Amino acid sequence: MSYLLKGVQACWFFKQMHGIVRPLIKAHLLEKVFSVQKLKTTQQFSQDSSRNMDCFSYIIVGAGSAGCVLANRLTEDPDSTVKLLEAGPKDTLFNSKRLMWKIHMPAALTYNLCDEKYNWYYHTTPQKHMDNRIMYWPRGRVWGGSSSLNAMVYIRGHAEDYNRWSKEGAVEWDYEFCLPYFKKAQTHELGADLYRGGNGPLHVSRGKTNNPLHHAFLDAAQQAGYPFTDDMNGFQQEGFGWMDMTIHQGQRWSTASAYLRPALSRPNLSAEEDTLVKKILFKGTKAVGIEYVKDGGKKTIFANKEVILSAGAINSPQLLMLSGVGNADDLKKLGIPVVCHLAGVGQNLQDHLEVYIQQKCTQPLTLYKSQKPLNMIKIGLEWLWKFTGDGATAHLETGGFIRSRAGVSHPDIQFHFLPSQVIDHGRTASQLEAYQVHIGPMRSTSVGWLKLKSTDPREHPIIEPNYLSTGSRGDPGNYRPVSLTSIPGYLTLKFQLSKKQGSTYSHVVTRLGDVRTCLLQLPPPP
Ligand SMILES: Cc1cc2nc3c(=O)[nH]c(=O)nc-3n(C[C@H](O)[C@H](O)[C@H](O)COP(=O)(O)OP(=O)(O)OC[C@H]3O[C@@H](n4cnc5c(N)ncnc54)[C@H](O)[C@@H]3O)c2cc1C
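Residues numbered from 1 in each chain as written. Predicted model: local features only at pLDDT ≥ 70, side-chain atom pairs only at ≥ 80, totals over all residues. Heavy atoms only, no water.

Asks: What's the story with the environment of V408 in this structure? I'm lost.
Replies: Looking at the secondary structure, you find V408 in the loop between β20 (398–402) and β21 (413–418). Residue classification places V408 among the buried residues on the basis of a relative accessible area of 13%. Excluding residues within four positions of it along the chain, V408 makes contact with R403 and R443. (Helix = DSSP H or I, 4+ residues; strand = E, 2+ residues; numbered from the N terminus. Buried < 20%, exposed > 50% of the residue type's maximum accessible area, 1.4 Å probe, protein only. Contact = heavy atoms within 4.5 Å.)

So, in structure tokens, the structure goes:
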């Protein structure tokens, strides 16, 4: 409901909007490793576990997007035992999603970006190329991880991105190889086809609000000469259309809902919450166990097959370094015994920025009215009762992909449209009827790093994304891309409502230079 309550911000990160999809494929690849069997008997595990409660086949660190999938897939083999450890709490209270509505009500998504309850609440270093702004990086710290906090946009990468990975050496990551796994993971509410799955655990649906501003956005894009695409995850990503969302029957469909909960009753899975893994334990250079803290007590457990680190883009390298795997010089400075000198740990940190272009709306069509207290209560009650209404969507229902300039092989700019205004991740409430278009580059070239600040696993690492470090200021090559009309050098969004709904035009005409200015002028975090 916080889109309704507060609206969100002006600039957010995550390198690939398909970030959630990649871990899912990884887990599905496991099917190649062992054939899927029905649970034979629960006795075997009970006997094994009573022999040694501290040893498992697999230990999975982090019950996020990847961790929940892995826990499910690995426990399909009844001979494997799995311990899943999560630093944050469960995502339900007394098994009720309603009691944890801030996570499960899609429209409530910005609530959890405003505090540290289910969120690591990271910040970057001051960004040299952004007038020293410190950027806020929310990350999930709860069952489901960032899939319990994210914006629920379901976008696969472009086929050419996977093909490039494969050419660069990631064998079997080409699109043709990945597609069956995308489909296997998914149940699309519009049914299965060449690209969509019809029987997977990850439910995906389209928006139901029918807000006229979404139609206006799509009309504007077509007036500007861009095609309508009916499935951005299908044959044609390029163009504008209705986006897919990881929402099922009005509820956020995180990987905790899709993968973890259905596996919780398996006797070979033991899932923990509020458990901070401090260190990976090695025998030589082989990971054999982990050390964690729970309820103030320290505990050690072991894996006889694998220790799987799925703690996310920040915590996984942090944990490796805390365990002695990383750049030996850096580790020695902090007095960490070196297990393995691997200079790449913490390097190659990549993220992309989004610019939000916000526009006052001349008619009361935005979500602003839904932010009035009485309306919020109504929306909240409807969702609690039936999981329907304005609370049942993330409202990012339309979007698009374009190519920034001639010669670019496939789309490199992504748009989302929101019929509301979001300021600073929702940490500042919106005060007017307004809507916004998110514009983000898909293949940013800036590369950064992260390093440990201390040996305390609770202390946030130093996060240096090096935003906008490639290219120089004012280099038109960097900013020319954004154009929704044929007027070169301008971003023009023209919204025209159909006659039935009354007619109004709102224009955002932003010089490309201004997009950058707007980025630089965003307020620093409080
Ligand atoms: C605000 C926001 C909006 C986003 N919107 C979208 C979107 O709309 N669409 C999309 O596709 N992607 C989106 N993303 C990105 C997407 O959610 C992530 O790419 C994806 O969830 C990452 O999965 P992961 O498994 O790598 O990490 P995570 O899902 O973050 O999981 C890591 C887990 O490990 C746990 N953990 C970390 N350290 C430890 C430790 N030491 N001990 C125990 N547990 C630990 C964490 O608490 C967490 O639960 C968004 C992300 C954010 C933050």
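Asks: Mind showing me how you'd approach the side chain of E272 here?
Replies: Inspection of the secondary structure assignment puts E272 in strand β12 (residues 269–272). Here E272 falls in the buried class, since its relative accessible area comes to 17%. Here E272 is in contact with K83, L84, L85, E86, W143 and K294, once residues within four sequence places are set aside.

Asks: Can you help me understand empty space enclosed by the protein in this one?
Replies: Sizing a probe to match a water molecule and rolling it over the atoms shows the empty space that remains. Applying the stated rule across the entire model yields three cavities of 30 Å³ or more. Quantified by volume, the largest cavity comes out at close to 60 Å³. Looking at the largest cavity, it is lined by 11 residues, and the ones nearest its centre are H158, D161, Q237, F401 and M442. The residue inventory of the lining of the largest cavity, partitioned by class, reads four nonpolar, four polar and three charged. (1 Å grid on protein atoms, 1.4 Å probe; cavity = no way out; pocket = protein on both sides within 12 Å on 5 of 7 lines; lining within 4 Å. Points joined across faces, edges and corners; volume = space filled by probe spheres on them. Nonpolar A, V, L, I, M, F, W, Y, C, P; charged D, E, K, R; others polar.)

Asks: Help me understand the sheet that holds strand β19 (residues 355–360) in this model?
Replies: Two pairing modes exist for strands in a sheet, parallel and antiparallel, and in both the strands are linked by backbone hydrogen bonds. Read across the open sheet, the five strands follow the order β8-β20-β21-β22-β19; overall the sheet is antiparallel. The open sheet terminates on both sides in strands that have one partner only, identified here as β8 (239–242) and β19. For this sheet, the mean angle separating the axes of adjacent strands, direction not counted, is 20 degrees. In this structure, β20 lies alongside β21, joined through five bridges in antiparallel fashion. (Pairing = 2+ DSSP bridges. Axes fitted to C-alpha atoms, helices over the stretch in contact; angles between N-to-C directions.)

Asks: Can you help me understand the pattern of salt bridges in this one?
Replies: Close approach of charged atoms allows side chains with opposite charge to pair. Here the structure, examined in full by the defined rule, presents 19 salt bridges. With a closest N to O distance of 3.3 Å, D54 and K299 form a salt bridge. Separated by 245 residues along the polypeptide, D54 in the loop between α3 (43–51) and β1 (55–61) and K299 in strand β15 (residues 297–309) bring together distant segments of the chain. Judged by its relative accessible area of 35%, K299 is partly exposed. D193 is the partner of R196 in a salt bridge, and the nearest nitrogen-oxygen pair spans 3.8 Å. A relative accessible area of 10% means that R196 is categorised as buried. Through salt bridges with shared partners, one network takes in D161, R164, E168 and R443. (Salt bridge = Lys/Arg side-chain N within 4 Å of Asp/Glu carboxyl O.)

Just geometry here; none of it tells us what the structure is for.
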